[in-house]
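Architecture and fold: a report
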Amino acid sequence: MMMGGCAARRGQKVINTDICYFLDFPEERRTIAEKKVMCTLDNIQIEDLPYVEHDLNFAQKVSLCFLLFGDQHAHATYILQKLLALARSPPAEQLNSDLLRLYAQTNPSRWRCHLVEALCIINARQVLRKMGMNWEQLRLQYLPQIQEISLHVHPLLKALYFICEQLTIAQSGRLVLDINEKLNSTESLRFYDFAYLEIFLLDWLTRRHLRLGDIQTIGSDVQLLIEYFKFNDLQSLATLLIQTYNCNAKAQVNKSECESDAQQVETVTVAKLPKTSTSVATDISSANLPLVNSNGVDYTQQQKQQQQRSDALQVQRENAGILLIINQHSFHQNVSEDLHAFLPAQKLSKRDGTDVDRQRLSDVFSALGYSVESHDNVDHLAMLDIIRFACARSMLRDSLIVCILSHGFEGAVYGCDSIPVSIIDIQNVLCADEHLYDKPKLLIIQACQQNEKNNQTRNVNATTKSPSQHANMVVAMSTVPGFVALRHSVNGSWFIQTLCETVKELAASEHVLDILTRTIGKVSQKRGDKDHQIMLPLLSSTLQQKVYFPAI
């Protein structure tokens, strides 16, 4: 059989192992190997990863990213774009990637085990030796030669990797073309090197055409590939996917049965304990002493925080993204006659104090690593164009923040030409870019939202086609509908100044929605000089996981 995928480019032999239900390794040898591997794992530091990555060729990096990020939907789209950018780079630049460090940062508690298993699967023996690992011990621990089961890497990703290795480049090309035709997708990748089949699989995973399910493959859906392989006389590959599902789903059933039995045994055992033992256990529990080291670090709290962060998206300082500020200070009505119907009944006044808000936003978010882009006095159409341009340049960034400081009325904000734009249209512009579906997008609006029934917004043809496009969108409004947003002519607005203060205070410890919630609480406690002025901001979110800013 001809070699395809990454194996052909590395000159490696393609492994084609039949399923093995009974391992021929003595249990004692495997236990010893596991202990030795774990000891070596502890010596791998995150600072070592750039050197490890430098020893990998581009094909190996593609395979590793597929195995490590394929089941992390929140990060897979970003990694896919990084790989596409690397693929178009000169070979010398491909050496200077930083993908493994990113993985370690997104998976702080388990990255070592996952990385070493993935390196075993792609047979990167030379790299593993440089890391101080023993191949025989790794082989006993991770069983890389068995295609249907895995220890840490998602088993379906392992199976799909071996499928990539077994297909020729011509077969991979036919697979990609036929699947995309069947999907009738207008959003296919502008990438045509079928030797890197994992990139196309990663694309289908991010678009939900394929689903991995949980680590036991429960909830998976790879029927699209199974049907293709069966129809094209590639029955062995269809069988591999089916057996991978059956092996891991069956293992989960057996595990549940064992856990049920264990709970029954445990209940009986506890019932037979002497009262003195129960009393001691109660005394120890009631003490509730934290586990600390000599430096006073509370390990219990630390582990809890690590667990919270491991399930969240951590915005990286070096790749935070763009903070776009549209700052409307002065307004005019010099518009064409056909737009006169959209002008307000009274001329809009200058927004003194807004420049203070702009500067405070710039200072705080630049300290977080954001690239600040500020535009003053922008008309309504230019405002949308600027937002679209920021979206287009956020493909490889971790997030995007848009701040609009202007006059407004319920559901709308004004351009400097006094023509209002619907806030829903602005959201649609942010959500329409396919590369931003899985990235957190934060829209911050400082504008009055009084009910002005006679005002209307212009149709700017900003639409979305699916509710899923609105995922990971946060809208933070300075006020609830029907009311004014208070702004001091010297000190800036209540909402923006409090928001910046809270971000600066809590960015290191709290996630974005908690920061915004705390902001709402602080603003609601403020009182103005005239007629007991009060204000209540409004927050809406479709975030699919917690998001943390970098610490200041």
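Since we're looking at a predicted model, the values are computed, not measured.

Conventions we followed
Residues numbered from 1 in each chain as written. Predicted model: local features only at pLDDT ≥ 70, side-chain atom pairs only at ≥ 80, totals over all residues. Heavy atoms only, no water. Helix = DSSP H or I, 4+ residues; strand = E, 2+ residues; numbered from the N terminus. Buried < 20%, exposed > 50% of the residue type's maximum accessible area, 1.4 Å probe, protein only. Axes fitted to C-alpha atoms, helices over the stretch in contact; angles between N-to-C directions. Parallel < 35°, antiparallel > 145°, perpendicular 65-115°, else oblique. Left-handed = near helix turned anticlockwise from the far one by under 90°. Contact = heavy atoms within 4.5 Å. 1 Å grid on protein atoms, 1.4 Å probe; cavity = no way out; pocket = protein on both sides within 12 Å on 5 of 7 lines; lining within 4 Å. Points joined across faces, edges and corners; volume = space filled by probe spheres on them. Nonpolar A, V, L, I, M, F, W, Y, C, P; charged D, E, K, R; others polar. Pairing = 2+ DSSP bridges. Salt bridge = Lys/Arg side-chain N within 4 Å of Asp/Glu carboxyl O.

Right, let's get into unusual backbone geometry. Located in the positive-phi region is D233, a residue other than glycine, with phi close to 55°. As for its position among the elements, D233 is in the loop between α14 (223-231) and α15 (235-271). What makes D233 exposed here is its relative accessible area of 73%. In this model, N377 sits at a positive phi of 50°, which is unusual for a non-glycine residue. By the element assignment, N377 lies in the loop between β3 (371-376) and α19 (380-392).

Turning our eyes to something else, we now look at the packing of helix α4 (residues 58-69) against helix α8 (residues 111-121). The geometry of α4 relative to α8 is characterised by a closest axis approach of 10 Å and an angle of 135° between their N-to-C directions. Classified by the angle between their axes, α4 and α8 sit oblique to one another. Once α4 is placed against α8, the crossing between them reads as right-handed. In this structure, α4 contributes L64, L67 and L68 to the contact, and α8 contributes H114, L115, A118, L119 and I121.

This part takes up the environment of A104. Residue position: A104 is located in helix α7 (residues 99-106). Once you skip the residues sitting within four places of it in the chain, A104 turns out to touch I46, L49 and W111.

The subject of this paragraph is empty space enclosed by the protein. If you walk through the whole model with that rule in mind, you get three cavities of 30 Å³ or more. If you add up the space inside the largest cavity, you get close to 140 Å³. What lines the largest cavity is a set of 17 residues, among which A74, H75, Y78, L313 and D398 lie closest to the centre. Those elements giving two or more residues to the lining of the largest cavity turn out to be α5 (73-87), α7 and β1 (313-314). With five residues, α5 is the largest single contributor of residues to the lining of the largest cavity. In terms of residue class, the lining of the largest cavity is made up of seven nonpolar, six polar and four charged. The space that makes up the second largest cavity amounts to roughly 100 Å³.

Glancing now at the sheet that holds strand β5 (residues 408-409). Spatial strand order, β5-β6-β7: three strands in an open sheet with antiparallel pairing. The open sheet has two free edges, formed respectively by β5 and β7 (420-422), since each of these has just one partner strand. Bridge count between β5 and strand β6 (residues 412-414): two bridges; the pairing is antiparallel. Bridging from a neighbouring strand, F409 pairs with A412 of β6. On top of the sheet, helix α20 (residues 423-432) reaches β6 and β7; it is set at about 60° to β7, its chief contact.

Turning our eyes to something else, we now look at the side chain of T519. Tracing the backbone through its elements, the reader meets T519 in helix α22 (residues 512-524). Ignoring any residue separated from it by four or fewer positions in sequence, one finds T519 in contact with F495, T498, L499 and T502.

Take the pattern of salt bridges next. Per the stated rule, a full pass over the model turns up 13 salt bridges. Here R139 and E136 are joined by a salt bridge, their closest N and O atoms 3.2 Å apart. Linking R139 with E136, this pair stays in helix α10 (residues 135-142), spanning three residues, or about one helical turn. Overall, E136 belongs to the partly exposed group, its relative accessible area being 32%. Of the charged contacts, one joins K522 and E501 as a salt bridge, the two residues approaching to 3.5 Å between their closest N and O atoms. With a gap of 21 residues between them, K522 in helix α22 and E501 in helix α21 (residues 494-506) connect regions that are remote in the sequence. Since its relative accessible area comes to 24%, K522 is described here as partly exposed. By relative accessible area, E501 is classed as partly exposed at 40%. Counted as one network, the salt bridges with shared partners bring together D203, R207 and E434.

Honestly, it's all geometry; don't read function into it.
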